[in-house]
Amino acid sequence: MSDSYRQAWDASVRDPEAFWGAAARAIDWFVPPERVHGADEGWFGGGVLNTAHNCLDRHVAAGRGDAAALIYDSPVTGQRREYSYSELLAETGRVAAMLRRLGVAKGDRVVLYMPMIPQTVFAMLACARIGAVHSVVFGGFAPLELAKRIDDAAPRVLLTASCGIEGSRVIAYKPMVDEALALADHPVERVVVFQRDALQAGLTAPRDLDWAELGAESAADPLPAPEPMAANDPLYILYTSGTTGTPKGVVREHGGHAVALAWSMANIYGIGAGDRFWAASDVGWVVGHSYIVYAPLLVGATTILFEGKPVGTPDPGTFWRTIAANQVKIFFTAPTAIRAIRKEDPDAAFLAQTGTGGLRAIFLAGERADPDTIAWLEEKSGLPVIDHWWQTELGWPAIATCFALGDLRRKRGSAGFPVPGYAFEVLGEDGRPVPTGASGSVTIKAPLPPGAFRTLWNNQAGFDRNFESFPGHYETGDAGHFDAEGFLHIMGRTDDIINVAGHRLSTGQMEEIVAQQDGIAECAVIGADDAVKGMIPVAFVVPRAGAADADTLVRQVIAAVRAELGAVAALKTAHVVPQLPKTRSGKILRNLLRKLANGEPFATPATIEDPAVPGLIAAALQKAHDSERV
Ligand code: COA
Ligand code: AMP
């Protein structure tokens with residue numbers, strides 16, 4: 001075991017104030033914090049800072065203006081562009097001036113529905129600079145989901161681009177924005193559209209404005225100075241799936257976020273000024289917020305903004321080429337991406353041909369990393385492959401192997417050890433710690449460390465619910481166990497959230513959509529195993545008397561989830577069944593459905609209302625399977 005890791009973790013729980021007080025020195029404060037932690041005010045009370053200043057201005061002031069800050073590498077457009085810290089500061093300032101011209105002030109919300117282009121990064125940093133609260137909505141969500149976020153965040157301005165590019169397909173964003181605004185109750189004052197070469201969007205005056213024209217008009221405006229922000233002022237809202245159709249708006253605060261991310265770069269990943277770091281995620285997810293945009297810039301490193309996919313843009317060698325060409329030191333991706341690459345290039349011929357340059361380690365997160373995928377990647381790359389675990393709510397890793405503290409202990413199937421700052425307990429239903437090796441609810445002792453959420457936007461009660469089942473503990477919603485060596489194993493969720501290709505989705509939300517369709521008497525959506533995406537949603541529907549034929553119902557259900565939730569839901573399989581398996585008290589036996597969908601052996605539970613139902617469903621699945629093969 002690494003002594004440095006053990007010492008850091010011990011220090012963080014023994015005296016969190018001393019630990020995080022020291023960590024806060026990595027940040028440039030306009031006014032240093034007066035207190036490290038207070039129950040009501042959270043972390044770094046009295047401190048005043050600006051996150052964009054910490055990401056940009058201070059590096060330029062320190063003479064690092066010419067160092068590379070952002071590399072946009074886009075195999076889907078064939079473009080590659082480097083921005084130095086001075087250039088990124090200037091671009092951010094321009095967008096900040098644009099927003100100011102539109103009347104955006106401290107505390108106003110700005111929604112971004114944008115692809116992986118540099119303008120998205122400029123816009124996030126510009127909001128941070130002027131104290132506006134950004135809320136980035138992932139491009140794979142449908143208009144209705146965007147509308148829900150608009151109504152909750154109540155933004156003054158919405159920023160978008162004419163299109164996203166998904167592999168070889170151009171996805172028009174503006175029509176989706178128009179539809180979302182028509183669905184939303186909240187009136188957005190202005191929509192600013194960045195026109196991309198691949199597609200020009202139609203603009204409707206006076207609401208819609210062209211990004212480039214607005215930029216030209218505001219070119220002579222003074223560049224807004226970084227707004228002084230209290231440590232607990234909100235930096236952004238990021239919506240994530242809860243267990244209902246209403247997304248949860250996780251609020252991130254300036255102070256704790258900056259301190260925690262800077263600490264994580266130095267102590268987990270081993271990244272500092274001048275190093276190149278690549279998180280292959282999307283800015284619409286928390287990984288993108290933390291490790292594409294904020295963390296690398298906070299520590300003066302170079303971040304890679306990659307607009308492409310692990311496969312098909314144009315081949316499964318694109319990750320390795322991007323790593324080698326950009327001299328990436330640490331790479332972070334989701335296991336699903338590695339499985340997709342392996343499927344197309346099982347012998348890793350592309351990896352062998354390109355090599356991994358100066359890469360030191362590969363980190364995985366977003367879903368459980370299956371041991372087989374880790375073994376393959378370690379063998380083919382010759383590098384440590386480190387699984388680590390966290391959530392949108394936390395904002396940065398909570399379980400990991402702290403590589404930068406000299407720890408290399410790994411066990412395939414485990415996400416590692418509690419990261420300094422996090423005191424985990426695995427609790428049973430009675431609220432008591434379960435014995436080592438036994439499974440239970442994975443919880444973290446309150447208070448959560450800096451960077452973690454302290455409220456949900458417009459929904460304090462929703463936040464409080466996370467602490468209700470186990471008083472004094474945050475309930476992560478995951479189930480798992482500690483083993484005898486102290487490794488923490490995360491085995492799945494205790495609620496109806498599933499992870500599809502590293503994307504967090506709620507089966508409960510999909511059920512709400514399916515249940516509303518004509519001809520559906522009852523339904524259940526479960527997560528079935530998938531060789532590439534880890535999990536995929538599968539719907540089971542019971543038709544009403546007189547409903548359309550089974551094929552029509554299936555098409556209708558799939559189309560409805562895609563239209564209402566978005567392509568990202570990836571619901572492609574629905575089965576029409578005569579009944580759902582239920583207990584005598586009417587609870588749907590979802591585990592049984594999961595086993596049936598996976599084709600696993602199952603035992604009929606003693607509590608089942610009608611023991612014939614599993615057999616009927618198995619027969620319906622077999623019939624569907626046979627007809628697919630014909
Ligand atoms: N804008 C618009 N549509 C999007 C989108 C975006 N930003 N992102 C995804 N979509 C669409 C896709 O085009 C696809 O649509 P389709 O059903 O018409 O083909 C659908 O949403 C599902 O996308 P995805 O889950 O990405 O599946 P895929 O089959 O296109 O690709 C992988 C599979 C494994 C290659 C891909 O999911 C991947 O790279 N995953 C890594 C995820 C990741 O990094 N997560 C970060 C969390 S740490
Ligand atoms: P998100 O908020 O989108 O980051 O999703 C968080 C959820 O993804 C967690 O609660 C876990 O269920 C799952 N998850 C993330 N990383 C891992 C991991 N390394 N191992 C297992 N599950 C993970």
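What you see is a predicted model; the values in this text were computed from it and never measured.

About the cut-offs
Residues numbered from 1 in each chain as written. Chains lettered and ligands numbered in written order. Predicted model: local features only at pLDDT ≥ 70, side-chain atom pairs only at ≥ 80, totals over all residues. Heavy atoms only, no water. Pairing = 2+ DSSP bridges. Helix = DSSP H or I, 4+ residues; strand = E, 2+ residues; numbered from the N terminus. Axes fitted to C-alpha atoms, helices over the stretch in contact; angles between N-to-C directions. Contact = heavy atoms within 4.5 Å. Domains from an automatic or database assignment. Buried area = accessible area lost by both parts, 1.4 Å probe. Salt bridge = Lys/Arg side-chain N within 4 Å of Asp/Glu carboxyl O. Polar contact = N/O pair within 3.5 Å; in protein donor to acceptor, adjacent residues only side chain to side chain. Nonpolar A, V, L, I, M, F, W, Y, C, P; charged D, E, K, R; others polar. Buried < 20%, exposed > 50% of the residue type's maximum accessible area, 1.4 Å probe, protein only.

> How would you explain the sheet that holds strand β18 (residues 330–333) if you had to name every residue and give the values?
Within the open sheet, the seven strands sit side by side as β5-β4-β17-β16-β18-β19-β20. Their pairing is mixed. Each edge of the sheet is formed by a strand with only one pairing partner; in this case those strands are β5 (79–84) and β20 (385–387). With strand direction ignored, the average angle separating the axes of adjacent strands in the sheet is 20 degrees. Two elements, β18 and strand β19 (residues 361–364), share four bridges in a ladder whose sense is parallel. Bridge pairing in β19 places phenylalanine 331 opposite isoleucine 362. Sitting on the sheet, helix α14 (residues 371–381) touches β19 and β20, and the angle it makes with β20 is about 155 degrees.

> Just give me the short version of the domain arrangement of the chain, but keep the residues and values in it.
The domains assigned to the chain are domain 1 (3–308 + 388–467) and domain 2 (499–629). Tallying the contact residues gives 19 residues for domain 1 and 14 residues for domain 2. Regarding the contact of domain 1 and domain 2, the summed buried area is about 1100 Å², with carbon and sulfur atoms giving 46% of it. Taken as a group, Ala142, Ser241 and Trp285 account for 34% of the area that domain 1 buries against domain 2, more than any other trio of residues on that side. Where domain 1 meets domain 2, there are one salt bridge. The closest approach of N and O atoms between arginine 504 and glutamate 393, which form a salt bridge, is 2.8 Å. Across the domain 1-domain 2 interface, the total number found is nine residue pairs in polar contact (both at pLDDT 80 or more). Here the side of domain 1 that touches domain 2 gets four residues from one element, more than from any other, and that element is helix α6 (residues 143–153). Classifying every residue of the side of domain 1 that touches domain 2 gives six nonpolar, nine polar and four charged.

> Can you break down unusual backbone geometry residue by residue, with the values?
For the peptide bond that leads from alanine 205 to proline 206, omega is -5 degrees, which places it in the cis range. The residue proline 206 is located in the loop between β11 (190–194) and β12 (208–210) in this model. The phi dihedral of alanine 570 is positive, around 50 degrees, even though this residue is not glycine. In this fold, alanine 570 is placed in the loop between α17 (550–564) and β31 (573–576). Classification of alanine 570 as buried rests on a relative accessible area of 11%.

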